Amino acid sequence: MDIHEYQAKEILSGYGVKIAEGGLAYSPEDAVQRARDIGGHVWAVKAQIHSGARGKAGGIKICTTHDEVSDAAEHMLGRRLVTHQTGSAGKVCGRLYVEAGTDIAKELYFCLLVDRSSERVVMVGSAQGGMEIEDLAENNPEAIIKIYIEPAVGLLDFQAREMAFALGIDSEVMSHAVKTIKGCYRALRELDCSMLEINPLVITTGGELIALDAKMSFDDNALFRQTKISELRDKTQEDPREMAAADRGLSYVGLDGDIGCMINGAGLAMATMDMIKLAGGEPANFLDVGGGASAERTEKAFRLVLADKNVKAMLVNIFAGINRCDWIAEGVVQAVRKIDMTVPLIVRLSGTNVEEGRRIIAESGLPIITADTLAEAAEKAVQARNEQVAKEAAQEN
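Predicted model, so just to flag it, every value in this text is computed and none were measured. (Residues numbered from 1 in each chain as written. Predicted model: local features only at pLDDT ≥ 70, side-chain atom pairs only at ≥ 80, totals over all residues. Heavy atoms only, no water.)

(A) Quick peek at the overall build of the protein chain. Looking only at helices and strands, the protein chain has 13 helices and 18 strands in total. By principal-axis analysis of the C-alpha atoms, the protein chain measures approximately 80 × 50 × 40 Å. Every one of the 397 residues in the protein chain was classed for burial, and the buried ones make up 51%. Expressed as a percentage of contacts within the protein chain between residues at least 6 apart in sequence, the contacts between residues at least 24 apart total 67%. A total of about 18,600 Å² of accessible surface is found on the protein chain, and carbon and sulfur atoms cover 49% of it. Separation of charge centres in the protein chain, based on 43 positive and 59 negative side chains, amounts to 3 Å. (Helix = DSSP H or I, 4+ residues; strand = E, 2+ residues; numbered from the N terminus. Buried < 20%, exposed > 50% of the residue type's maximum accessible area, 1.4 Å probe, protein only. Contact = heavy atoms within 4.5 Å. Areas by Shrake-Rupley, 256 points an atom, 1.4 Å probe, with all protein chains shown as cover. Lys, Arg positive; Asp, Glu negative; His and termini not counted. Charge placed at Lys NZ, Arg CZ, Asp CG, Glu CD.)

Pasting the structure below:
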């Protein structure tokens, strides 16, 4: 789960990280009032969307008058910002953060994230802040410093100092830098954060260390014990299909294809998507219904997949272990009878009580296409999809 910049800054300020004064705005009038409250002569007006590279998309404006603040707010609010992180769909800006201008002497990059390959937390830094880390890694990888932290031990003082020295921080700012780094690590651990990024972390001309931007991502599976973090969720910034699935306890990731998938088990789901692509198709989603796919849960999954108007065919692939194929078959038959299916349905069952499951589907009288193997199911799904596309094209003509 991602949160907005202003939310991340508010959290980090509670852990000793210094931020510039700022305020939230939902209208041009709000933005001007925030600028008046802050005072001074320079303000940054920032679009609050769940994406980086906002500046390149026109989502950050430096203003020197109240009229400029109002114009910037008018331009951003309600606008769909497209960055390389949002994809072509972009994200709509519904709120702004107006922040006091900062006299920057030096920009740094700092990040903490969970590295699953090493099973540790990695601290990443660079003296070249303000750049996209992907560009930096490609063009100047030696400028990136990585320090691995053993979770059982935690961040040690010498590691925080090592990172501060690597960032080229002067001795006058060293104690504050160590405090900032340790505060960020405490936030990561205590709040079940999977990624915390400050880019840029700036040293001002007055010698202060300030987080000028902040991003935080949290482990969805830990939100049950992080109620305050869960309340920060902005559903308008997330894929509505994924939000609907999360609200129903389903693991769903929306994709750009047109063959809907309902599968039990993440590994089988990945294999199924690979087979669909190998057969010449494109999956519309990743959907793992898990091990307890009751008839009600199966129906919810069907409705979720079919809510995507791009879906031209649907593939159900179940390997029953904890589940039983007859239970799944009953759920599929019940779902199809309740839902107005307008696209072809392909079902492949394997595992416990598979013969009984196949009998239930065969005797249902429903136009369900069956398959015995994963490869056969993928091929039939792609074929059904192609026939559906041709049928719709003929109807339009």
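(B) Layout of the nonpolar core. Core analysis: the largest hydrophobic core is formed by 42 residues, its most contacted members being Leu12, Leu112, Met123, Leu196, Met216 and Phe218. When near neighbours in sequence (up to four residues on either side) are disregarded, Met216 contacts Met1, Asp2, Ile3, Ala8, Ile11, Leu12, Ala187, Cys193, Met195 and Leu196. Met262, Val316, Val333 and Ile361 belong to the second largest nonpolar core, which has 33 residues in total. (Core = buried A, V, L, I, M, F, W, Y, C linked by side-chain atoms within 4.5 Å.)

(C) The UniProt feature "binding site: substrate" (unreviewed entry) in the protein chain, seen in detail. The feature "binding site: substrate" (unreviewed entry), as annotated in UniProt, sits at Asn264 in this numbering. One can find Asn264 in the loop between strand 14 (259-263) and helix 9 (266-278). (UniProt positions renumbered as here; feature names shortened; annotations may be inferred.)

(D) Geometry of the domain arrangement of the protein chain. In terms of domain boundaries, the protein chain breaks down into domain 1 (21-100), domain 2 (104-231) and domain 3 (240-396). The centre of domain 2, based on its C-alpha atoms, is set 42 Å off from the matching centre of domain 3. (Domains from an automatic or database assignment.)

(E) Quick peek at the side chain of Glu5. Mapped onto the secondary structure, Glu5 falls in helix 1 (residues 5-13). Within the structure, the side chain of Glu5 is placed 3.0 Å from the side chain of Lys46, a separation counted as a polar contact. With sequence-adjacent residues up to four places away left out, Glu5 is seen in contact with Lys46, Gln48, Arg54, Tyr97, Glu99, Leu212, Asp213 and Ala214. (Polar contact = N/O pair within 3.5 Å; in protein donor to acceptor, adjacent residues only side chain to side chain.)

(F) Molecular detail of the pairing of strand 2 (residues 43-47). Of all five residues making up strand 2, five are buried, and the element is well covered by its neighbours. Side chains Trp43, Val45 and Ala47 of strand 2 all project onto a buried face; the interleaved residues Ala44 and Lys46 project onto the opposite face, where all are buried too. For strand 2 and strand 3 (residues 60-63), the ladder comprises four bridges, and the chain directions are antiparallel. By the bridge assignment for strand 3, Lys46 is matched with Ile60. (Pairing = 2+ DSSP bridges.)

(G) Inspection of helix 11 (residues 325-338) at higher detail. Helix length check: helix 11, at 14 residues, gives a terminal C-alpha distance of 20 Å against a target of 20 Å (1.5 Å per residue), a fit within 8%. What helix 11 keeps buried is the set Cys325, Asp326, Ile328, Ala329, Gly331, Val332, Val333, Ala335 and Val336. (Expected span 1.5 Å × (residues − 1).)

(H) Summary view of a negative patch on the surface. On the surface, a cluster of negative charge is contributed by Glu29, Asp67, Glu68, Asp71 and Glu74. For the negative patch, the element with the highest residue contribution is helix 3 (residues 66-76), accounting for four residues. Here Glu29 is to be found in helix 2 (residues 28-38). Residue Glu29 is classed as exposed on the basis of its relative accessible area of 58%. (Patch = residues over 30% accessible without salt bridge, like charges linked within 9 Å, V, L, I, M, F, W, Y side chains within 5 Å. Salt bridge = Lys/Arg side-chain N within 4 Å of Asp/Glu carboxyl O.)

(I) Just the sheet that holds strand 2, in detail. An order of 1-6-2-3 is seen for the four strands of this open sheet, with the pairing classed as antiparallel. One side of each edge strand has no neighbouring strand; the edge strands of this open sheet are strand 1 (22-25) and strand 3. Mean inter-strand twist for the sheet, computed between neighbouring axes without regard to direction, equals 20 degrees. As paired elements, strand 2 and strand 6 (residues 96-100) share five bridges and run antiparallel to each other. When the bridges of strand 6 are listed, Trp43 appears paired with Ala100. The sheet contacts of helix 1 involve strand 1, strand 2 and strand 6, and relative to strand 6 the element is tilted by about 50 degrees. On the sheet, helix 2 packs against strand 1, strand 2 and strand 6 and is oriented at approximately 165 degrees with respect to strand 1. (Axes fitted to C-alpha atoms, helices over the stretch in contact; angles between N-to-C directions.)

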